[in-house]
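Listed here are the chains, written in short residue letters.
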Amino acid sequence: MLEKIIKTAEFLNSKGIIDPEAGIVLGTGLGGLTTEIDIQVEIPYKDIPEFPLSTVQGHAGKLIYGDFGGRKVVAMKGRFHYYEGYGSEQVTFPIRVMKELGIRALFLSNAAGGVNPEFRIGDIMIIEDHICLVDNPLIGPNDDRIGPRFPDMSVPYDRKLIEKAKNIAAGLGIPVTRGVYLSTTGPTFETPAEYRFFRIIGADAVGMSTVPEVITARHINIPVFAVSIITDLGVEGKIEYTTHESVQAAAEHSEEKMTRIMKELIAEM
Ligand code: HPA
């Protein structure tokens, strides 16, 4: 795998993607952040060797490089999910490539269902911890040149970045919540009993992404910051018919606020 990672990173270098300081992954309805990037290079995933193709509507499937918050960043507009049929190696491959390109921190976003009864649609939740209910992406032979066989997970999300983000949000007058994100494979949204179960086992929000990327990043010792936009509620009495389109629309509504926080955070990282 290391050979594939290096080959892809060298290809991206040859296209002008050089020494990005931060990696960004944009979730459903959250691609608007890229309008704030002073774009220097933009490459559709289909043109990148070894990259899978994003098949989800609302995920444009482009790698973008440019200046954001005064830093060079590489951003994924659209990510890969297990429910598309990809294996964990494919879902997390871009994270490994970003590390090879030189990123020093990873910033992730997603749309999620809120199971904390205090949450409201549109809330921005800083992820402080997670519960992984998908296959662990590190299952399989371990390459010790990439990372350890048994990675520590006691601090999955970088505490300094979380503190900074909270201060930035307060300074901007943007309310944020904090919580535990639980990942399922999807593609179904949850039944009422599943939402209830996820709340009981300690989740605040549930979604179909992010955790495999976080595990991969921690395996290679990259600090991670992640946020969920709450797009629907898995709370008794508040559960409504949910579609990809309703999730997209709700995420787009909070996208600008998330972008402002991310921009300052990356400037200060
Ligand atoms: N469940 C799972 N994934 C999601 C949800 C949800 O309620 N909302 C947005 N992504």
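The paragraphs below set out a description of the structure included in this document. (Residues numbered from 1 in each chain as written. Predicted model: local features only at pLDDT ≥ 70, side-chain atom pairs only at ≥ 80, totals over all residues. Heavy atoms only, no water.)

**Side note on the overall build of the chain**
Moving on, step 1. Regarding its fold elements, the chain presents 6 helices and 9 strands.
Moving on, step 2. A compact globule built from 269 residues should have a C-alpha radius of gyration of about 18 Å, and the chain, at 17 Å, falls within 12% of that.
Moving on, step 3. A principal-axis box enclosing the C-alpha atoms of the chain has dimensions of 55 × 40 × 35 Å.
Moving on, step 4. Relative to its full complement of 269 residues, the chain shows a buried share of 54%.
Moving on, step 5. Contacts in the chain between residues far apart in sequence, at least 24 positions, make up 83% of those at least 6 positions apart.
Moving on, step 6. Split by element, the accessible area of the chain, about 11,700 Å² in all, is 50% carbon and sulfur.
Moving on, step 7. Seen as two clouds, the 27 positive and the 36 negative side-chain charges of the chain have centres 3 Å apart. (Helix = DSSP H or I, 4+ residues; strand = E, 2+ residues; numbered from the N terminus. Rg over C-alpha atoms; globule rule 2.2 N^0.38 Å. Buried < 20%, exposed > 50% of the residue type's maximum accessible area, 1.4 Å probe, protein only. Contact = heavy atoms within 4.5 Å. Areas by Shrake-Rupley, 256 points an atom, 1.4 Å probe, with all protein chains shown as cover. Lys, Arg positive; Asp, Glu negative; His and termini not counted. Charge placed at Lys NZ, Arg CZ, Asp CG, Glu CD.)

**Remarks on the nonpolar core**
Moving on, step 1. Membership of the largest hydrophobic core comes to 79 residues, with the highest contact counts inside it found for Ile 17, Ile 24, Leu 106, Phe 107 and Phe 225.
Moving on, step 2. For Leu 106, the contacting residues outside a window of four places in its chain are Gly 23, Ile 24, Val 25, Ile 95, Met 98, Glu 213, Ala 217, Ile 222, Pro 223, Val 224 and Phe 225.
Moving on, step 3. Among the nonpolar cores identified, the runner-up in size contains 6 residues, and Val 115, Leu 182, Tyr 195 and Phe 198 belong to it. (Core = buried A, V, L, I, M, F, W, Y, C linked by side-chain atoms within 4.5 Å.)

**Some details on the site of the ligand**
Moving on, step 1. Inspection of the region around the ligand gives Ala 111, Ala 112, Gly 113, Phe 189, Glu 190, Tyr 195, Val 206, Gly 207, Met 208, Thr 231, Asp 232 and Val 247 as its neighbouring residues.
Moving on, step 2. Residue Tyr 195 places a side-chain N or O atom 2.7 Å away from an oxygen atom belonging to the ligand.
Moving on, step 3. Here Asp 232 contributes a side-chain N or O atom positioned 2.6 Å from an oxygen atom of the ligand.
Moving on, step 4. In isolation the ligand has 260 Å² of accessible area, and contact with the protein removes 96% of it.
Moving on, step 5. Elements that contribute at least two residues to the shell around the ligand include exactly β5 (105-114), β8 (205-207) and β9 (224-233).
Moving on, step 6. A per-element tally of the shell around the ligand places β5 first, with 3 residues.
Moving on, step 7. Its residues assigned to classes, the shell around the ligand comprises 7 nonpolar, 3 polar and 2 charged. (Near = heavy atom within 4 Å. Polar contact = N/O pair within 3.5 Å; in protein donor to acceptor, adjacent residues only side chain to side chain. Nonpolar A, V, L, I, M, F, W, Y, C, P; charged D, E, K, R; others polar.)

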